Amino acid sequence: MEATWNYATNITKKNREEMLDKDAERPQHTLYFGMRALLFKIASFQDPAVKRVLSELQNFDRAALPKDELRECSQIVAHMETTYSMAQVCLNAGPCLPLEPGLQEVTATSWDQKELLWAWQGWWDAMGLQPRSTFERYVQLSNKAALNGYKDMGALWRSTYESDTLEEDLEQLFQELQPLYLNLHAYVRRALYRFYGPELIDPRGLPAHVLGNVWAQSWVNILDPVLPFPEKPPEDITKIMRGQQWKSEKMFQEAEKFVTSPGLLSTPPGFWKNSKMERPTDGREVECHASAWDFYNGKDFRIKKCTEVTIEDLLSIFHQMGRIQYFLQYKNPSVIFRAGANPAFAEAVGPVITLSVSSHKHLLSRGLLSHQHQDEEEEVGFLMNVALEKIAFIPFAYLVDLFHWKVFDGTIEKAVYNQEWWNLRLKYQGLCPPVPRTEDDFDPGTKFHISASLPYIRYFLSLVLQFQFHEALCKASGHVGLLHRRNIYNSKPAGKLLEDVLKLGSSKPWPEVLQKITGETKVSTKALMTYFKPLLNCLVTENVRRGDILGWPHFSCSFEEKETDRVAFLGLEPDPAPAKSGQRVLLALSFVMLLVVLLLAHRLYILEKSSRAQDTSARDTSARDTSALKPPPKAYFLGIAVEPHQAVRKQWLLLGLCLILMLCSISLTIRIFTQHNRKPPWMRAEWWSWD
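Residues numbered from 1 in each chain as written. Predicted model: local features only at pLDDT ≥ 70, side-chain atom pairs only at ≥ 80, totals over all residues. Heavy atoms only, no water.

(A) Highlighting the confidence of the model for the protein. Per-residue pLDDT for the protein has a mean of 81; in total, 80% of the residues score no lower than 70. Of all secondary-structure elements in the protein, the lowest mean pLDDT belongs to strand E7 (residues 635-637), at 62, while helix H24 (residues 526-531) reaches the highest, 95. The low-confidence segment residues 675-680 (pLDDT under 50) makes eight contacts with residues lying over four places distant or belonging to another chain. Low pLDDT, under 50, characterises residues 682-691; the predicted model gives this stretch 18 contacts beyond four residues in sequence or across chains. (pLDDT = per-residue confidence, 0-100. Helix = DSSP H or I, 4+ residues; strand = E, 2+ residues; numbered from the N terminus. Contact = heavy atoms within 4.5 Å.)

(B) Just the state of the cysteines, in detail. Under the definition given, this model contains one disulfide. There is a disulfide in this structure between Cys432 and Cys557, and the S-S distance comes to 1.8 Å. On the sign convention where negative means left-handed, the S-S torsion of about -90° between Cys432 and Cys557 marks this disulfide as left-handed. Linking Cys432 in strand E6 (residues 431-432) with Cys557 in the loop between helix H25 (533-546) and helix H26 (576-624), this pair joins segments that are 125 residues apart in sequence. Judged by its relative accessible area of 15%, Cys557 is buried. (Disulfide = S-S within 2.5 Å. Buried < 20%, exposed > 50% of the residue type's maximum accessible area, 1.4 Å probe, protein only.)

(C) Structural context of the pairing of strand E4 (residues 291-294). Here E4 shows two buried faces, one formed by Ser291 and Trp293 and the other by Ala292 and Asp294. Note: E4 against strand E5 (residues 301-304), four bridges, orientation antiparallel. Paired with Asp294 across the bridge in E5 is Phe301. With antiparallel pairing between neighbouring strands as the criterion, E4 and E5 make up a hairpin whose turn holds six residues, including Tyr296 at a positive phi of roughly 60°. (Pairing = 2+ DSSP bridges.)

(D) Quick look at the pattern of salt bridges. Tallied over the full model, the rule gives 20 salt bridges. Residue Arg323 pairs with Glu347 through a salt bridge whose shortest N-O separation is 2.9 Å. With Arg323 in helix H14 (residues 311-329) and Glu347 in helix H15 (residues 343-357), this residue pair connects regions lying 24 residues apart in the sequence. We classify Glu347 as buried; its relative accessible area is 5%. Here Glu542 makes a salt bridge to Arg545, at a shortest N to O gap of 2.6 Å. Of the two residues, Glu542 and Arg545 are both situated in helix H25; the distance of three residues between them amounts to about one turn of the helix. Residue Arg545 is classed as exposed on the basis of its relative accessible area of 57%. Among the ionic contacts, a cluster of salt bridges with common partners joins Glu2, Asp300 and Arg302. (Salt bridge = Lys/Arg side-chain N within 4 Å of Asp/Glu carboxyl O.)

(E) Local environment of the nonpolar core. If you look at the biggest cluster of nonpolar residues, it comprises 162 residues, and the most contacted ones within it are Tyr138, Leu192, Trp219, Phe460 and Phe532. For this core, the leading source of residues is helix H9 (residues 166-196), giving 14 residues. Leaving out residues up to four positions away in the same chain, Trp219 has contacts with Tyr181, Leu184, His185, Val188, Leu206, Leu211, Leu388 and Ala392. Grouped together as the second largest cluster of nonpolar side chains are five residues, Tyr7, Met19, Leu20 and Ala78 included. (Core = buried A, V, L, I, M, F, W, Y, C linked by side-chain atoms within 4.5 Å.)

What follows is the structure, encoded as structure tokens:
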């Protein structure tokens, strides 16, 4: 873990090699214990804990790959992560912006459609133009690793949920949540149509670049033009935080105070020393994607985050501190069970905390709100704010792993990765790219979890689970009333219930753990629908009044060839500068070849003329002196003595054959480069660089 941490917080070639070396060691331990676990038949044991241990040990994952392919797979994932973390978009006459906070801030704060398009297209081009061949190879290796008991890597990922009906259950949950998303989508597109006008917004669907987020997975930054009651806007908590001189350390301390208030565990001193809470100022490149880390020694826990003073980052910190609390609670069981009851449980604990933190009562108590009470219209505005983050996220959280799974099982072929990605986004989110995308792009790679090979369906399930947990914990606290008004701050009964569940780690089947906290054994959308009921009523009323259609049956995306400034050259489309240079080189080479051919032709012409003169002279001499029968002079061709005029003709034939072979060789070289989706060396920018 230390080597991976060092690389994530300081992206260098040296740290990358050290991380890959450590990654190569880990599978050896997996194989060692896994091969011994295979000696036992799980069905022959009665103890459920023993069965779970053996089942976990027998899952080799990538360790099943041969050593050289394992390292190759690790290198591919590291390369995709590095490309993601270091990608930047440069202004024509200004600085280059990374994703965080640069492009994210532009997307979140700008209302200028040209600026939004520049930021969106810049990021998607920077990441989407990376060669898909890297991802294709990753898919091949992943599927090969999964063959140890699974049909493909998607099946292996799904196995962590211990359900034979997972895909059907997920589809059922999605359908139950559809009324919320469809009404939100209809309302938002109508509001943006009024705000931007018909030149930008199609009333039948949404463009992806105007929703306040690079991936359009959260719409919380476009709250102002979509507020149901604009005369009662919510207070700007980010502005209040900055006015109160909040810093990143204070944000983490505030999260620590809340998490420990119900009697949960405090973070150890090493957490505050070792965590990286801000983007470094010494020029280091880092992975800014927020994450919580467990070093599996019972005392070392860390968070990595490039914190900005915003309410969004404050809630993100609460989220990550919830993950740290999970680590702290299950640190004592066997290392095999040091994980969430399932991946979605681990993701749900943090958001459960944020649901309480974002309540009006708690924010008021922390000095982040000034209005003492909310009326019904203000509460609808508050719920709209939450919905733009959570309800807007529902289809995106669902479709990312649908894409993953379909790629792994071959349903989506590599030739149509990009089109199928946008087909899924149209089908489930009702949005399209603002400019045509093509199969030259690889837009799925713009999402970290696809570049970093991380399963995503956990976020969809955790979105539902967090409301189930929130409702159960608030009941344990004795709170009554509307669910969105409740919070568990300082509630010892809620803390005890949560502690008892978190301590179990993954030692019990997740339905048992879910029953312990909620009394139910299945994931349910009831609590989520209850939380947003006041907002849904408002949206339905407004959409019916305006006659808006739910869904986007007549909206479609364009996959036409996009216009670029690239130049066609030898079947390729390089940038203009290398193309012009390549054309000059090819022209010069053609002149040289032409000159060589002309010189050789001239020489052959002289030889042929000389040969004919010699033949004539020989015949005249023979006529005058018939007694002297001298053999005619000979010429040599490929070591064989022939008549001079025959040698000349054969040289002409050989010259023509050489010319044809030369042209074929050039064509074949270009064909090989094109087939492998690579640029010839003379077409690359670095070929012409003097650096």
